[in-house]
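Observations on the three-dimensional arrangement
As a plain string of letters, each chain reads:
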Amino acid sequence: MTAPNAASARSAPPNGIAPLLAVRDLVKHFPITRGVFRRRVGAVRAVDGVSLDVFPGETLALVGESGCGKTTTGRAILRLIEPSAGEIRFDGADVRALGGDALRRLRRQMQIIFQDPFSSLNPRMTVGAIVREGLTIHKLAEGEAADARVRELLDEVGLRADVASRYPHEFSGGQRQRIGIARALAVEPRFIVCDEPVSALDVSVQAQVINLLEDLQREHGLAYLFIAHDLSVVEHIADRVAVMYLGHIVELADADELYRRPIMPYTQALLSAVPVPDPTRQRHRIILSGDVPSPANPPSGCPFHPRCPHPRKDDACTRLVPPLEEKEPGHLVACIKQTPTTVSWPEQQSAGGTMQPERIIPDALG
Amino acid sequence: MTSTPAASAPLLSIRDLSTWFHTGGRSVARAVDGVSFDVMPHETVGLVGESGCGKSVTSLSILRLIERPGRIEPGSRIDFEGRDLLSLDDRAIRAIRGNRISMIFQEPMTSLNPVFTVGDQIAEVARVHSTASRREAWERAVDMLQQVGVPAPADRAREYPHQLSGGLRQRAMIAMALMMHPALLIADEPTTALDVTIQAQILELLAELQTRVGMSILLITHDLGVIAESATRVLVMYAGQIVEEAPVRTLFDAAHHPYTEGLLSAMPRLGDRRERLTVIPGTVPSPTQWPAGCRFHDRCAYAWDRCRTDAPPLYQIGAGHVSRCHLAAEPARRRAPAFAAAAPAS
Ligand SMILES: Nc1ncnc2c1ncn2[C@@H]1O[C@H](COP(=O)(O)OP(=O)(O)OP(=O)(O)O)[C@@H](O)[C@H]1O
Ligand SMILES: Nc1ncnc2c1ncn2[C@@H]1O[C@H](COP(=O)(O)OP(=O)(O)OP(=O)(O)O)[C@@H](O)[C@H]1O
Ligand code: SF4
Ligand SMILES: [Mg+2]
Ligand SMILES: [Mg+2]
């Protein structure tokens, strides 16, 4: 465990509350195999050393471009896929060491809502059976009591109780997402991974689901890891935001702070690129050149360097992996050119650096 | 009805377009149900609306790409460069497709053939629509890839679609669409599958190419932010009809139709720290049974008796601004706020 990352991933807990979830140096590599013997020829480095904390009752958003490893992070935390390395602690318990019954009990506390409301519900089960399944597995209720609980849950997510006997295909996207939420809530979790819960929905329906998630959070004290690629949705719902790029967290801060003062050049570009629904505003977007590199063949050094527009970018960026370090109080950034940095200038020079670090805030964000 | 700054003649003129799906039984899906609008030379018209409102069926109708059980109903009219597209035979329409009118789709894999190299497919467009030799066509394809910002275009041209990233595939498709310098580009959700930084690159590219080539763009999207940044005029569709049309600034400053109003306020925006997002209650109705009267009435906060029985016509609101809402006739019934940040509705 690398000391600076681990310590700083906590991003200043308010008045010393312990995190509900603490993830350190999480890694997930998918092997790339070839031929009939499935010879291993490489690896997709989907998640490459992620550290983060989620505190009770808060929403930590995880944002980034398609393929950067958000879903893999969320699933690895719940052990829906087995991590390659790293540490996951939930309420103090070592999640990776658990098995059998202990893991099942833990699953009750940690739930997930999926991105795609169309494929994540079993088409052959009624809505009632889908919501009820968790109650049975975890022996929370049976018979009449279970029926009553299902009605209560459906009511809580804004569905009429009579939908229990119908099948998922009879519902719209927004309604299906509510069914998925009712299913997750059934087992009374404390933490939910929301994997792009509104990305597939229309704007008008998006708002209904977001408001619902916020209400439920308040009522039940839920903590969310809210995965999204839409920064405007995230700003609304998140307490803190982690920005991911090619398997790494490159910036992590309070939502207000991150939107007001993004420091990592990738976050700056991302924020400037969000289309603004105001035709009178002439904006200068930061237009990046090039495409997102493949995690099967990630760049050396800073993962963002091939597209980075920072005017001080130099060879040091291609050789040194920037640590996620505190550049403002509670504001963590991985960039060796944005000051201050613990990667000293002599160190950068010996890695081929020719341009002194300097804090740059592009005009586009002014 | 569709009012645009006069002066020049429209490039594309659509009147009473109805495209219905006769899916058997007695149910008919009236996906597009009496749509009229114009696209002027060199302008970008935005077409917005929720999933299923008929945007794609409208654009496919223009290119006559509707297949059974779908049918463009009698009485519909689509004029392009002075010709009636609906009366052309198959050969004549094929000569227009990919040439004078071309289209880019949300998912590039649906229009790129996986078994041919990207370069071959783009070159093929020139071979079909001009007398270019195999070699000339290939060179133009590589040049086009370069123009749309594909790095190392000569190498990329030899690759197959699956070897390219999403952003590069989208650019390859744009290159293919622009090969013949079309007068009209129909872009159906061209950036929805892409990330915002790549989306910004593509929108910038389209704007630049438009100035350079001088084409018109019909830009279909559900993202009002994209509309605000790219379009000069906006059409809002709901339940198979156009419910509002306005110059882009008017739409964002003074939307008239309650649906447009709802869309604008439901959208989360950067810099917006409202406690609750505004909600349009309910869901989009089904095209097999549009509600009587105003099709939006069961989700509308202003609806009164008249809305439930009389289908509103497109009322003229101002210059180039029309709205399919009875509030135009009875403005006193509009009382704020229309869309409360209601408790989760079912
Ligand atoms: N089972 C798998 N086998 C091999 N590679 C995988 C697997 N699952 C994911 N990947 C790869 O890992 C990388 C990260 O994928 P992931 O789904 O976590 O991204 P994401 O950030 O959730 O993207 P999106 O926004 O598209 O959902 C991608 O390159 C993806 O192709
Ligand atoms: N081949 C078909 N058969 C039956 N109905 C169809 C067919 N194609 C489209 N429809 C219906 O027509 C309506 C309009 O569809 P269309 O694809 O135009 O919507 P859209 O506005 O483009 O939506 P989206 O934003 O999801 O792309 C939908 O209700 C759809 O179900
Ligand atoms: S006509 Fe009536 S129901 Fe329809 S949008 Fe206007 S006020 Fe609402
Ligand atoms: Mg994902
Ligand atoms: Mg469509």
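For the structure, see preceding data.
The notes below deal with the structure included here. (Residues numbered from 1 in each chain as written. Chains lettered and ligands numbered in written order. Predicted model: local features only at pLDDT ≥ 70, side-chain atom pairs only at ≥ 80, totals over all residues. Heavy atoms only, no water.)

1. A word on the overall build of chain A
- From N to C terminus, chain A includes twelve helices and twelve strands.
- Relative to the 2.2 N^0.38 estimate, which gives 21 Å for 366 residues, the radius of gyration of chain A is 22 Å and therefore close to what a compact globule would have.
- By residue count, 55% of the 366 residues in chain A fall in the buried class.
- Across chain A, contacts joining residues at least 24 apart in sequence account for 63% of those joining residues at least 6 apart.
- Summed over its atoms, the accessible surface of chain A is roughly 15,100 Å², and 50% of this surface lies on carbon and sulfur atoms.
- Here chain A carries 42 positive and 44 negative side-chain charges, and the mean point of each set is 6 Å from the other. (Helix = DSSP H or I, 4+ residues; strand = E, 2+ residues; numbered from the N terminus. Rg over C-alpha atoms; globule rule 2.2 N^0.38 Å. Buried < 20%, exposed > 50% of the residue type's maximum accessible area, 1.4 Å probe, protein only. Contact = heavy atoms within 4.5 Å. Areas by Shrake-Rupley, 256 points an atom, 1.4 Å probe, with all protein chains shown as cover. Lys, Arg positive; Asp, Glu negative; His and termini not counted. Charge placed at Lys NZ, Arg CZ, Asp CG, Glu CD.)

2. What to know about helix α4 (residues 134-147) of chain B
All names here are of chain B.
- Given a rise of 1.5 Å per residue, 14 residues ought to cover 20 Å, and the 20 Å separating the end C-alpha atoms of α4 matches this to within 8%.
- All buried positions along α4 are accounted for by A137, A141, V142, M144 and L145. All buried residues of α4 project into a common sector of 160° when viewed along the axis, lining one side. With respect to the buried face of α4, the exposed residues turned more than 90 degrees away are R135 and Q146. (Expected span 1.5 Å × (residues − 1). Arc of directions from axis to C-beta.)

3. Things to note about the packing of aromatic side chains
- Applying the stated criterion across every chain yields a total of seven aromatic pairs over all chains.
- Ring centres of Y245(A) and F304(A) lie 5.2 Å apart, and the angle between their planes is 85°; on these two criteria the pair is classed as edge-to-face. One end of the pair, Y245(A), is in strand β9 (residues 240-245); the other, F304(A), is in the loop between α10 (265-273) and α11 (315-319), with 59 residues separating them in the sequence. F304(A) matches Y245(A) in its accessibility class, with the two residues each being buried.
- With 4.6 Å between their ring centres and 50° between their planes, Y238(B) and Y259(B) make a pair best called tilted. Of this pair, Y238(B) sits in strand β10 (residues 233-238) while Y259(B) sits in helix α10 (residues 258-266), and the two are 21 residues apart along the sequence. Comparing Y238(B) with Y259(B) shows no difference in burial state: the two are buried.
- Cluster of aromatic residues (ring-pair linked, three or more members): Y245(A), Y266(A) and F304(A).
- Against the face of W20(B) rests R30(B), its NZ or CZ located 5.7 Å from the ring centre. (Phe/Tyr/Trp six-rings, centres within 6.5 Å; stacked < 30°, edge-to-face > 60°. Lys NZ or Arg CZ within 6 Å of the ring centre and 35° of its normal.)

4. Quick word on helix α2 (residues 70-77) of chain A
Residue and element names in this part refer to chain A.
- The element α2 is extensively covered by neighbouring structure, given that six of its eight residues are classed as buried.
- Taken residue by residue, α2 has K70, T72, T73, G74, A76 and I77 as its buried positions.
- One or two steps after α2, the chain reaches R79, where phi turns positive at roughly 60°.

5. Considerations on the pattern of salt bridges
- Applying the stated rule across the entire model yields 42 salt bridges over all chains.
- Note that D79(B) and R77(B) form a salt bridge whose closest N and O atoms lie 3.0 Å from each other.
- Overall, the relative accessible area of 39% leaves R77(B) in the partly exposed class.
- E139(B) serves as the salt-bridge partner of R135(B), at 3.1 Å between the closest nitrogen and oxygen. Here R135(B) and its partner E139(B) are both found in helix α4, four residues apart, which amounts to about one turn of the helix.
- Residue E139(B) is classed as partly exposed on the basis of its relative accessible area, which comes to 43%.
- Several salt bridges share partner residues, and in doing so they unite E257(A), R260(A), R261(A), E328(A) and R359(A) into one network. (Salt bridge = Lys/Arg side-chain N within 4 Å of Asp/Glu carboxyl O.)

6. Looking at unusual backbone geometry
- Residues T339(A) and P340(A) are joined by a peptide bond in cis, for which omega reads -10°.
- Within the fold, P340(A) resides in the loop between β12 (331-333) and α12 (345-350).
- For the bond from R68(B) to P69(B), the omega torsion is 5°, close enough to zero to count as cis.
- You can see P69(B) is positioned in the loop between α1 (55-62) and β4 (70-72).
- One non-glycine residue with positive phi stands out, namely R79(A), at about 60°.
- By the element assignment, R79(A) lies in the loop between α2 and β4 (85-90).
- Despite not being glycine, E188(A) shows a phi value in the positive range, around 50°.

7. Description of the nonpolar core
- Core analysis: the largest hydrophobic core is formed by 101 residues, its most contacted members being I181(A) and V241(A).
- Not counting the four nearest positions on each side in its chain, V241(A) is found in contact with L60(A), A61(A), V63(A), V234(A), E251(A), L252(A), A253(A), A255(A), L258(A) and Y259(A). (Core = buried A, V, L, I, M, F, W, Y, C linked by side-chain atoms within 4.5 Å.)

8. Things to note about the site of ligand 3
- Neighbouring residues of ligand 3: 13 residues in total, closest C294(B), C300(B), C307(B), C325(B) and H326(B).
- Classifying every residue of the shell around ligand 3 by side-chain character gives ten nonpolar, three polar and no charged. (Near = heavy atom within 4 Å. Nonpolar A, V, L, I, M, F, W, Y, C, P; charged D, E, K, R; others polar.)

9. Focus on the sheet that holds β12(A)
Residues and elements named next belong to chain A.
- Taking strand neighbours across the sheet as the criterion, the eight strands line up as β6-β7-β8-β3-β9-β10-β12-β11 in an open arrangement whose pairing is mixed. Each edge of the open sheet is held by one strand with a lone partner, namely β6 (110-113) and β11 (325-328). The sheet shows a mean angle of 25° between the axes of neighbouring strands, taken without regard to direction.
- One ladder, built from six bridges, connects β9 with strand β10 (residues 248-254); its direction is antiparallel. Within the sheet, the bridge partner assigned to Y245 lies in β10 and is H248.
- Running at roughly 155° to strand β8 (residues 223-228), α2 makes contact with β3 (59-63), β6, β7 (191-195), β8 and β9 of the sheet.
- Together, β9 and β10 form the strand contacts of α10, whose direction differs from that of β9 by roughly 105°. (Pairing = 2+ DSSP bridges. Axes fitted to C-alpha atoms, helices over the stretch in contact; angles between N-to-C directions.)

10. Examining the sheet that holds β4(A)
Residue and element names in this part refer to chain A.
- Spatially, four strands are ordered β2-β1-β4-β5 in an open sheet, and the strand pairing comes out antiparallel. The sheet terminates laterally at β2 (39-54) and β5 (93-94), the two strands that pair on one side only.
- In the sheet, strand β1 (residues 21-34) pairs with β2 via twelve bridges, with the strands oriented antiparallel. Within the sheet, the bridge partner assigned to P31 lies in β2 and is A43.
- Packed on one face of the sheet, α2 meets β1, β2 and β4 and runs near 115° to β1.

11. Re the site of ligand 2
Residues and elements named next belong to chain B.
- Neighbouring residues of ligand 2: 13 residues in total, closest S51, G52, K55, S56 and V57.
- A distance of 2.8 Å separates an oxygen atom of ligand 2 from a polar atom in the backbone of G52.
- K55 has a polar side-chain atom sitting 2.8 Å from an oxygen atom of ligand 2.
- In isolation ligand 2 offers 640 Å² of accessible surface; the protein chains occlude 65% of this area. (Polar contact = N/O pair within 3.5 Å; in protein donor to acceptor, adjacent residues only side chain to side chain.)

12. Concerning the interface of chain B and chain A
- Contacts between the two partners involve 49 residues from chain B and, on the opposite side, 47 residues from chain A.
- The interface formed by chain B and chain A contains two salt bridges.
- Where R285(A) meets E204(B), a salt bridge forms, and the shortest distance between an N and an O atom there is 3.4 Å.
- When residues of the side of chain B that touches chain A are traced back to their parent elements, those giving at least two are α6 (166-178), α7 (196-213), α8 (224-230), α9 (248-253) and α10 of chain B.
- No other element matches α7(B), which puts eight residues into the side of chain B that touches chain A.
- By residue class, the composition of the side of chain B that touches chain A is 22 nonpolar, 13 polar and 14 charged.

Everything listed is a geometric property; what it means functionally is a separate question.
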